[in-house]
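# A look at the structure
If you want the building blocks of each chain, they are given just below.
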Amino acid sequence: MASLEAKAEQEPLLSDSLPGSREWDIIETEEHYKSRWRSIRILYLTMFLSSVGFSIVIMSIWPYLQKIDQTADASFLGWVIASFSLGQMVASPIFGLWSNYRPRKEPLIVSTLISVGANCLYAYVHVPASHNKYYMLVARGLVGFGAGLSMQRNVAVIRSYIAGATSLQERTSSMANTSACQALGFILGPVFQTCFALIGEKGVTWDTIKLQINMYTAPVLLGAFLGILNIILILTILREHRVDDSGRQCKNVNFEEASTDEIQAPQGNIDQVAVVASNVLFFVILFIFALFETIVTPLTMDMYAWTREQAVLYDGIILAALGVEAVIIFMGVKLLSKKIGERAILLGGLIVVWVGFFILLPWGNQFPKIQWEDLHNNSIPNTTFGEIIITLWKSPREDHNEGPTGCPIEQAWCLYTPMIYLAQFLTSAVLIGIGYPSCNVMSYTLYSKILGPKPQGVYMGWLTASGSAARILGPVFISQVYTSWGPRWAFSLVCGMVVLTITLLGVVYKRLIAYSIRHGRSQE
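The following paragraphs examine the structure supplied in this document. Every chain is numbered on its own, with residues counted from 1 as its sequence reads. In view of the model being predicted, local features appear only for residues whose pLDDT reaches at least 70, and side-chain atom pairs are presented and counted only at 80 or more, with totals across whole chains, interfaces and linings using the full set of residues. Calculated side-chain values reflect all of the structure's heavy atoms, with hydrogen atoms and water omitted.

## Topic: the overall build of the protein
Strands are runs of DSSP state E lasting at least 2 residues, helices are runs of H or I lasting at least 4, and numbering of each runs from the N terminus. When you go through the protein residue by residue, the secondary structure sums to 17 helices and four strands. Burial status across the protein gives 57% buried among its 524 residues. Every residue pair with non-hydrogen atoms within 4.5 Å of one another is taken to be in contact. Considering only contacts within the protein whose residues lie at least 6 apart along the sequence, 82% involve residues at least 24 apart. Carbon and sulfur atoms make up 66% of the accessible area of the protein, which totals about 21,700 Å². Relative accessibility thresholds used throughout: buried, under 20% of the residue-type maximum; exposed, over 50%; partly exposed, between the two (1.4 Å probe, protein chains only). The Shrake-Rupley method, run with a 1.4 Å probe sphere, supplies the accessible areas, and residue values consider only the shown protein chains as cover.

The structure is reproduced here in structure tokens:
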């Protein structure tokens, strides 16, 4: 038995142990074991495909919006971007509740169908004679509504299924695999978007069905195709499985196969304080990373006088490198968590994030290059964050003049705030790239363990909703503070927020334990 346990400890992240190699006496046939892991791996693929479907389109939203509706301005662009997270926030608890009382195939398939339909609508928003921007708003909101289950960083049904279909020993590895697949999708999505840019704005038109296939619509059509492929895989391979923390089969409403050796899920109350604290921790983790993603481009353009093309290229390389770094971190947390535990990794990740933002504070006596020239094309005296986003996303084909570079004089802090050196920024990015994925996967893992064998659909739905709220509020917060007061105030407030989060984690540290440990069914 000791040798089997040692073997299980050394297994790679994406490889799962055989039934006889786990330390608990698990009642599970080999056929059931294979079916269970086939289903889990299908959800890994679902996470990857959904992540690609989201990231493949995000950078082309603004130029497409400008092309289809000349009345769209920066403020409306903000609503289009926010509509995705708003739709996801509304849908997540609904579909999570659905998954608790019906087979999980149903909400997964319905949510994916909604996303497929919304992607097709997005490809046709150019057809109406007027109000095209509102059709895009509806399309993005519906994509987010469908993503309440099947998308990226906050997945209600996928994560609740994996949490319920894995033993306590398997869960950290499975959650890490899920996050790694998500990160890979985020890395490859922009690569596909770059390839589709070769099609150009005109592309080709299928007159019979009024379909334009160009650099803006091809990505969403690929996303729709991936969604249909995903539905086929779910229908043909996914089966309902549920096990308790020890790996024993549990009978529940989602389970399709009756078995004489199944046992009922143990009874007991969930620690609601730990649940609420975990949601707050997860909100802050997503909030911080959302604001970092938002501020990278305007910060580098202001500090280093990068042109739009340079910003797209260099920041794209930086974010891709952070994605690769995240995959490595996801693959490493499995082994590390067995040595020091999930709570310690979560605490360490928050400390690393704090150090990263502290390093990002402006120091020294060198100031950024000032952009003295007025913004052309009806410039507004006070530069808004939306206008900064527009200068990044504006298509080079529409404006061949690169325009002035540097920190805009309209931002008064540019005159007295020291610049952030490039080495300083890169060091901070590397640290945040280490801390965020560690916190992300550990918060999910701890949350699922706190819930234990109870149905997790609604609880995971609330976690998804909190993450969606974070991705709405994070960009709004950082855009207002950065534009008005500059990076020193913005990153100081972030550092203070992380300190408060570390304090909260310290207060609830002893309560963030697995359900089975809390009720004395296993040892920590």
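## Observations concerning helix H14 (residues 422-451)
How far a helix is expected to stretch is found by multiplying one less than its residue total by 1.5 Å. The end-to-end C-alpha separation of H14 is 43 Å, in line with the 44 Å expected for 30 residues at 1.5 Å each. In terms of burial, H14 is a largely internal element, 23 of the 30 residues being buried.

## What about the nonpolar core?
Within soluble globular proteins, side chains that are nonpolar generally end up buried alongside one another. Here, nonpolar core refers to any group of buried Ala, Val, Leu, Ile, Met, Phe, Trp, Tyr and Cys residues whose side-chain atoms link them within 4.5 Å. The biggest cluster of nonpolar side chains holds 68 residues, and the ones touching the most others in it are Leu-299, Leu-346, Phe-357, Ile-420, Phe-425 and Phe-491. Counting only elements with at least two residues in this core, the list comes to helix H8 (168-196), helix H10 (272-304), helix H11 (308-340), helix H12 (342-359), H14, helix H15 (457-485) and helix H16 (487-508). Once residues lying within four places of it in the same chain are set aside, the contact partners of Phe-425 are Val-296, Leu-299, Thr-300, Tyr-304, Ile-318, Leu-360 and Ile-420. Counting 22 residues, the second-largest nonpolar core is a separate cluster that includes Tyr-33, Tyr-44, Leu-108 and Ile-109.

## With respect to H16
End to end, H16 covers 32 Å across 22 residues, agreeing with the expected 32 Å (1.5 Å per residue, within 8%). Of the positions making up H16, those classed as buried are Pro-487, Ala-490, Phe-491, Val-494, Cys-495, Val-498, Thr-501, Leu-505 and Val-508. The arc that holds the buried residues of H16, viewed along the axis, is 150°, so those residues lie on one side. Exposed positions of H16 whose direction lies more than 90 degrees from the buried face are Trp-489, Leu-500, Gly-506 and Val-507. What the arc describes is the spread of directions from the helix axis to the C-beta atoms.

## A closer look at the environment of Val-276
As for its placement among the helices and strands, Val-276 is situated in helix H10. In sequence terms Val-276 and Trp-462 are 186 residues apart; their C-alpha atoms lie 9.9 Å from each other.

## Thoughts on a nonpolar patch on the surface
Like-charged residues within 9 Å of one another, or nonpolar side chains (Val, Leu, Ile, Met, Phe, Trp, Tyr) within 5 Å, are grouped into patches, provided each residue has over 30% relative accessible area and no salt bridge. Salt bridges are defined by distance alone: a side-chain nitrogen of Lys or Arg within 4 Å of a carboxyl oxygen of Asp or Glu. Taken together, Leu-188, Val-191 and Phe-192 make up a surface patch of nonpolar side chains, about 220 Å² in accessible area. Along the polypeptide, Phe-192 turns up in helix H8. Among the residues examined, Phe-192 registers a relative accessible area of 33% and is labelled partly exposed.

## Examining the pattern of salt bridges
Under the counting rule described, the total for this entry stands at two salt bridges. Two residues, Arg-511 and Asp-271, come together in a salt bridge whose shortest N-O distance is 3.1 Å. Of this pair, Arg-511 sits in the loop between H16 and helix H17 (515-518) while Asp-271 is found in the loop between helix H9 (217-237) and H10, placing the two residues 240 residues apart along the sequence. On the accessibility criterion, Asp-271 (6% relative accessible area) is buried. Where Lys-449 meets Glu-342, a salt bridge forms, and the shortest distance between an N and an O atom there is 2.7 Å. Taken together, the residues span a long stretch of sequence, with Lys-449 in helix H14 and Glu-342 in helix H12 at a distance of 107 residues. Considered together, Lys-449 and Glu-342 belong to a single accessibility category, that of buried residues.

## Quick word on the packing of aromatic side chains
Aromatic rings from Phe, Tyr and Trp, with only the six-membered ring used for Trp, were paired whenever their centres fell within 6.5 Å, and each pair was classed as stacked if the ring planes differed by under 30 degrees, edge-to-face if by over 60, and tilted otherwise. Across all of its chains, the model carries 11 aromatic pairs by this definition. Consider the rings of Trp-354 and Phe-358, whose centres lie 5.1 Å apart with planes at 15°: the pair is stacked. Taken together, the positions of Trp-354 and Phe-358, both in helix H12 and four residues apart, correspond to about one turn of that helix. Aromatic side chains Phe-357 and Phe-491 sit 6.0 Å apart centroid to centroid with 45° between the ring planes, which places their arrangement in the tilted category. Here the residue Phe-357 occupies a position in helix H12, and Phe-491 occupies one in helix H16, the gap between them amounting to 134 residues. Of the two residues examined, Phe-357 and Phe-491, each falls in the buried class. Among the aromatic side chains, those forming a connected cluster through ring pairs are Phe-283, Phe-287 and Phe-477.

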